[in-house]
Every structure is written in structure tokens, then in C-alpha cells.
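Take a look at the letters that make up each chain.
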Amino acid sequence: MRLLTHNMLSSKIKGVSNGFPLRIEVEKVIEKQVELNPDFLKNIFPKVDWKALVEAGRTMGFAELPEEADLLMLDSSEFLSKFHHALLELHLEEGALVCPETGRKFPVNKGIPNMLLHEDEV
Amino acid sequence: MSSRPESLAPPEIFYDDAEARKYTSSSRIIQIQAKLSERALELLALPDDGIPRLLLDIGCGSGLSGETLTENGHLWVGVDISQSMLDIALDRQVEGDLLLGDMGQGLAIRPGVVDGAISISAVQWLCNADKSSHEPRLRLKAFFGSLHRCLSRGARAVFQVYPENLAQRELILRSAMHAGFAGGVVVDYPHSTKNRKEYLVLTCGPPSLSTATPKGKGEDGESGSDEEFSDEENQTIRTSDRHRPRKKQKTTKKGKGREWLLKKKEQMRRKGNTVPPDTKYTGRKRKSKF
Ligand SMILES: C[S@@+](CC[C@H](N)C(=O)[O-])C[C@H]1O[C@@H](n2cnc3c(N)ncnc32)[C@H](O)[C@@H]1O
């Protein structure tokens, strides 16, 4: 699972009012290189929750994202490549996602988060 | 009819390791799913600017539909309830990220972040109640509600569906409209028994030029590669812009039947509404007056 996906996920357990961002517990991170597409990054940037991405990156061992970011920075190729790397190249392979309100763990195996809810959580 | 997989077992049981492998190694299925996905992507009508979008593939299975999204340059996140199907997707090294999840529980995605969604041959599964706690209407509501929230404004969702009957199609469509979607059904090759395919084309946000439901293929009698014709199925249905006055909305010809009515009445009672008692007249066919 990429951090892009992590940035979009939110815990929807019954009664939880803010399930975002899910905390990451890391057992294994893998990196997969993909081609950088500036247009995609510019297009997705406004939808990314920057704080959550910075925090997630750090948890995954990548601490090079600036704390704050704005649209102007997208003109810098150095910024773009860090953004690209954090968003699309770091994968949580094994570990868990943790609901920020309830502490409920969603296990991640072979890169796939198990988001299935128990009946009393729906 | 009994050969519908939906009526055999719940999806996470039906699509076990063996079925998942069988499904994904059939060249016929691969070809059909690719075609359906191409068409769904076309109906999504994404801006023609070459920029990759972030899309959802709901009921992504082993990734056959997602592969079409990849080939067209898009990023996608797939959700499926069958671990076996997702395992095959991993084997096939699909590009999209995968989630194990039940769409009937609602999508665990935050608001406004997704550029579009497709779902190929999956949503009809929600019409079944596989557990005693399952109420199809509520599961459809949870699903469409969560989908509506996570799509960005003006984004579309296209579902290729195999409803078992009119009532299922109505139920799916109505749930989508209740969630705030506008749109309708596009039927490709309506005259062909074999090639007839239905797509639910839904749009988030207020109706505009771009929310008009596109035309189906082969509406003028062209039936694709298949030459069989069937008499009953000869029209493209384009209903249910939710901003249209109620009265004009089509209801099914046959009506819903007594069983449906009794269930509905029971539901209303549970909600505390006053409902006339059930008698032998309940849900009886009325003679048309004129
Ligand atoms: C016919 S397969 C289609 C798979 C893929 N879209 C394709 O085109 O090959 C239907 C898929 O829907 C999935 N499905 C059924 N009910 C589901 C649910 N409630 N939530 C998520 N996925 C579901 C099944 O597990 C199965 O993988």
C-alpha cells in the first residue's frame, strides 16, 4: 500500500467521528520505483493532507518532506521528487493501520490492509 | 437462472482460491472484463488532458478491470471482499493498491479525494442478504452514501451491473439517487440477449451538461458481434434524474408484489409509522380504471 492510499483512508467504525489519519505501525516497508509524473502530482496535491503525509513518511523512515507545503513549491523539481517518492514509491508491506479514536487495528498483510469491520462496528 | 453465482454463496465464499484461479485464467472472461472496463472508462468521461487520475475499482477482484485503468495511464485503488481474488491480483502484480473490504459496509475513504470510480460485474452482489444482519437496502445505502462522499465534485462513477431482475435494478438505482447521485442507466446492445450490457452512470453534484446520461451502443438495432435478438429487451432506460418531479419516475410494470409490500409495511411500522393492517386485499392487483 502506497502512502497515497494511506492518505485517502479513514476509519469508518460506528461512532468514530474523525477516523483520519490512521496511524501506521510498520513491520516491513518496501520501495518500488515508478516514473515521476509532474502533472499527476500537481493535480493530486490539493487533495493530499500534507500533515498526514509528512507524518506517515517519517513513520516509514523517510523524513525529508518539509513540514509545510504550498502550490508554489510544485515548481521545484527537488520538492517534486520527494513528494513523488513519499506518495508513490514507499509501500507498507507488513504492519497495521490504527484507528486514531478507538485504537482498533487494521492489519496489513502482503501490502493489503484488511478494512473489514466486525458486525458490531458497522 | 440458478447458475447465477450471486445465488450460490456469499462472494467471499464463492470466490475461493479455486474459483479465483479459474475466473482469472479463462481467456474468455479476461476478454469480456477488459471490454466492459474499457466501456466503463469511456463512460466515466474523464477530461481528455492526458493527466493520470486517482480512480476506485469497486469489487476489483483479481485486477482484470483495474488493468484496463492502468493501461490507460490511471492510478487506482481496488476494494474486494475476497482474499482469494486479491491474492491472484498480487500474483499478477497489478499496479493498483488493494484493500480487503466489504462495499456494503461503506468505503473507508475520506471525503472528496477520488476522481472517479468504476465497478465491473460486482454491485449486484449487494442485493443479496448473505447474513441475517444483512439488509440489502441498508448495505446499498451505506455503499452509495460513502461513495458519494469520497468522490470529488462533478466526478462520475460507472457500474456495469448484472441485476437479476427489474426489482434489483430499481433497488440499485433508487439507492444511488437517494445518496445524491444524478444519472441513469445506459444499455448497450439492448436488442441482443448475449451482448446486452447495463451500465449505471452516476454523477456527483448538481446536474449540468456533463451529467446528461450518454447513449447506449447499438440502440438502433446494431447488436455487436452477436446476431441474436430478443423481443422484450428493446429499449434504453434513462430515468431518475433525482431533480425531476417524482410523478414522472417510472415504476416497474409488474408492480412490486405482495411480499415486497408486506415487508415494506413492516419496515414502516418498525419506524413507528401508522400503516393499514395487512389483509387479503393487501398488494392485490387493481383493475385499471380507464
Ligand atoms: C465477477 S467479479 C468481477 C471482478 C473484477 N471487477 C473483474 O472485472 O474481473 C465480482 C467481484 O465482486 C466482489 N464482491 C462481491 N461482493 C462484494 C462486496 N460486498 N464488497 C467488495 N467486493 C465484493 C467479488 O469478491 C468478486 O471479486
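These figures come from a predicted structure and were not determined experimentally. (Residues numbered from 1 in each chain as written. Chains lettered and ligands numbered in written order. Predicted model: local features only at pLDDT ≥ 70, side-chain atom pairs only at ≥ 80, totals over all residues. Heavy atoms only, no water.)

1. Observations regarding the pairing of strand 2 (residues 90–98) of chain A
Residues and elements named next belong to chain A. Judged by how many residues are buried, strand 2 sits mostly within the fold: 8 of 9 residues are covered. In the sheet, strand 1 (residues 23–31) pairs with strand 2 via 8 bridges, with the strands oriented antiparallel. Bridge pairing links Lys-28 to Glu-94 in strand 2. Both strand 2 and strand 3 (residues 105–109) contribute to a ladder of 4 bridges, which runs antiparallel. The residue of strand 3 that forms the bridge with Ala-96 is Pro-107. Counted between consecutive antiparallel strands, the loop separating strand 2 from strand 3 contains 6 residues, among which Gly-103 sits at a positive phi close to 80 degrees. (Buried < 20%, exposed > 50% of the residue type's maximum accessible area, 1.4 Å probe, protein only. Helix = DSSP H or I, 4+ residues; strand = E, 2+ residues; numbered from the N terminus. Pairing = 2+ DSSP bridges.)

2. Observations regarding the nonpolar core
Core analysis: the largest hydrophobic core is formed by 75 residues, its most contacted members being Phe83(A) and Leu147(B). Counting residues per element, this core draws most heavily on helix 4 (residues 77–89) of chain A, at 6 residues. In this view, Leu147(B) contacts Leu56(B), Ile58(B), Leu107(B), Ala117(B), Ala157(B), Phe159(B) and Phe181(B); residues no more than four positions away in its chain are not counted. Core analysis: the next-biggest nonpolar cluster, separate from the first, contains 21 residues, Trp76(B), Leu86(B), Ile118(B) and Val201(B) among them. (Core = buried A, V, L, I, M, F, W, Y, C linked by side-chain atoms within 4.5 Å. Contact = heavy atoms within 4.5 Å.)

3. Some remarks on the interface of chain B and chain A
The partner chain A presents 30 residues to the 30 residues of chain B that form the contact. Of the roughly 2,600 Å² buried between chain B and chain A, counting both surfaces, carbon and sulfur atoms make up 58%. Where chain B packs against chain A, one counts 3 salt bridges. In this structure, Arg2(A) engages Asp97(B) in a salt bridge whose closest nitrogen and oxygen atoms are separated by 3.3 Å. Counting across the interface, chain B meets chain A through 15 residue pairs in polar contact (both at pLDDT 80 or more). At the level of secondary structure, the elements contributing two or more residues to the side of chain B that touches chain A comprise strand 2 (75–80), helix 5 (83–91) and strand 3 (97–100) of chain B. Residue classes in the side of chain B that touches chain A are distributed as 15 nonpolar, 7 polar and 8 charged. (Buried area = accessible area lost by both parts, 1.4 Å probe. Salt bridge = Lys/Arg side-chain N within 4 Å of Asp/Glu carboxyl O. Polar contact = N/O pair within 3.5 Å; in protein donor to acceptor, adjacent residues only side chain to side chain. Nonpolar A, V, L, I, M, F, W, Y, C, P; charged D, E, K, R; others polar.)

4. Structural notes on the packing of helix 3 (residues 27–44) of chain B against helix 4 (residues 64–71) of chain B
All names here are of chain B. Two numbers describe how helix 3 lies on helix 4: the axes approach to 8 Å, and their chain directions differ by 50 degrees. One element, helix 3, and the other, helix 4, form an angle in the oblique class. Crossing geometry of helix 3 relative to helix 4 is assigned as right-handed. Between helix 3, through Ile-29, Ile-30, Gln-33, Ala-34, Ser-37, Glu-38 and Leu-41, and helix 4, the contact on the second element is made entirely by Leu-64, Ser-65, Thr-68 and Leu-69. For the contact of helix 3 with helix 4, the per-class residue count stands at 6 nonpolar, 4 polar and 1 charged. (Axes fitted to C-alpha atoms, helices over the stretch in contact; angles between N-to-C directions. Parallel < 35°, antiparallel > 145°, perpendicular 65-115°, else oblique. Left-handed = near helix turned anticlockwise from the far one by under 90°.)

5. What about the UniProt feature "domain: Methyltransferase type" (unreviewed entry) in chain B?
The UniProt entry lists residues 56–158 of chain B under the feature "domain: Methyltransferase type" (unreviewed entry), expressed in the numbering used here. Secondary structure across residues 56–158 of chain B divides into 31% helix and 27% strand, with the first and last C-alpha atoms of the span separated by 10 Å. (UniProt positions renumbered as here; feature names shortened; annotations may be inferred.)

6. Focus: the side chain of Ser121(B)
All names here are of chain B. Here Ser-121 is to be found in the loop between strand 4 (114–120) and helix 6 (136–150). One polar contact links Ser-121 to Gln-33, side chain to side chain, over a distance of 3.2 Å. At 2.8 Å, the side chain of Ser-121 forms a polar contact with the side chain of Gln-160. Excluding anything up to four places from it in sequence, Ser-121 contacts Gln-33, Leu-36, Gln-160 and Tyr-162.

7. Examining the sheet that holds strand 1 of chain A
Taken together, 4 strands build an open sheet; the order of strands is 1-2-3-4 (chain A) and the sheet is antiparallel. Two strands bound the open sheet, and with one partner strand each, they are strand 1 and strand 4 (112–113) of chain A.

8. Some details on the site of the ligand
All names here are of chain B. Taken together, 22 residues lie around the ligand, and Tyr-23, Gln-33, Gly-59, Asp-80 and Asp-102 are the ones closest in. For the ligand, a nitrogen atom lies 3.1 Å from a polar atom in the backbone of Ile-120. Expressed as a share of its isolated accessible area of 590 Å², the protein-covered part of the ligand is 98%. Taken together, the residues that form the shell around the ligand break down as 12 nonpolar, 7 polar and 3 charged. (Near = heavy atom within 4 Å. Areas by Shrake-Rupley, 256 points an atom, 1.4 Å probe, with all protein chains shown as cover.)

9. Re helix 5 of chain B
Ser84(B), Met85(B), Leu86(B), Ile88(B) and Ala89(B) are the residues of helix 5 of chain B that are buried. In this fold, the buried residues of helix 5 of chain B make contact with strand 4 of chain A together with helix 2 (17–25), strand 2 and strand 3 of chain B. Residue Gln93(B) follows helix 5 of chain B closely and has a positive phi angle near 50 degrees.

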